[in-house]
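What follows is the residue order along each chain.
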Amino acid sequence: MRWTVGILFSMVGIILLTHGLNLKAIVENSVDGDGIGVYFLGIEINESVPAADIPSYSNGFMGSGIIFLILAVCLFVILLREHNTLLPIAQKKKASE
């Protein structure tokens, strides 16, 4: 279960990062009309974003993606340091007095 959370975090992070990079590429091209609609995984974020505000959306997506990737790396490091990562978490035995 813990490994799947790490894999899920890394996948969401990569998707967010690539979406942010795609928005940054759109800014470099000309945006005609009132603006563009910003969607993520089929969910509408904003219907019409002016061309001047697209870089802030791009930075937001890339920042979120980096945070998810950092969380995934931290989780993987913690899991790899444990000896028996496939076993469920058990309480440690207390030292007898």
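Rules behind the numbers
Residues numbered from 1 in each chain as written. Predicted model: local features only at pLDDT ≥ 70, side-chain atom pairs only at ≥ 80, totals over all residues. Heavy atoms only, no water. Helix = DSSP H or I, 4+ residues; strand = E, 2+ residues; numbered from the N terminus. Buried < 20%, exposed > 50% of the residue type's maximum accessible area, 1.4 Å probe, protein only. Areas by Shrake-Rupley, 256 points an atom, 1.4 Å probe, with all protein chains shown as cover. Expected span 1.5 Å × (residues − 1). Contact = heavy atoms within 4.5 Å.

Peer 1: Before we move on, could you go through the overall build of the protein and cite the residues and values that matter?
Peer 2: Looking only at helices and strands, the protein features two helices and two strands. The order of α-helices and β-strands along the protein, N terminus first, is α-β-β-α. Every one of the 97 residues in the protein was classed for burial, and the buried ones make up 20%. Of the accessible surface of the protein, which amounts to about 7500 Å², a share of 64% is contributed by carbon and sulfur atoms.

Peer 1: Go over the side chain of Ser58 with me, naming the residues and quoting the values.
Peer 2: Mapped onto the elements, Ser58 comes out in helix H2 (residues 54-81). Given the relative accessible area of 0%, Ser58 is considered buried.

Peer 1: Describe in detail helix H1 (residues 2-28), supporting the description with residues and values.
Peer 2: The end-to-end C-alpha distance of H1 is 40 Å, a good match for the 39 Å that 27 residues give at a rise of 1.5 Å each. Residues of H1 that are buried include every one of Gly6, Ser10, Gly13, Leu16, His19, Gly20 and Leu23, and no others. On its buried face, H1 sits against strand S1 (36-40) and H2.

These results come straight from atomic positions and should not be treated as a statement about function.
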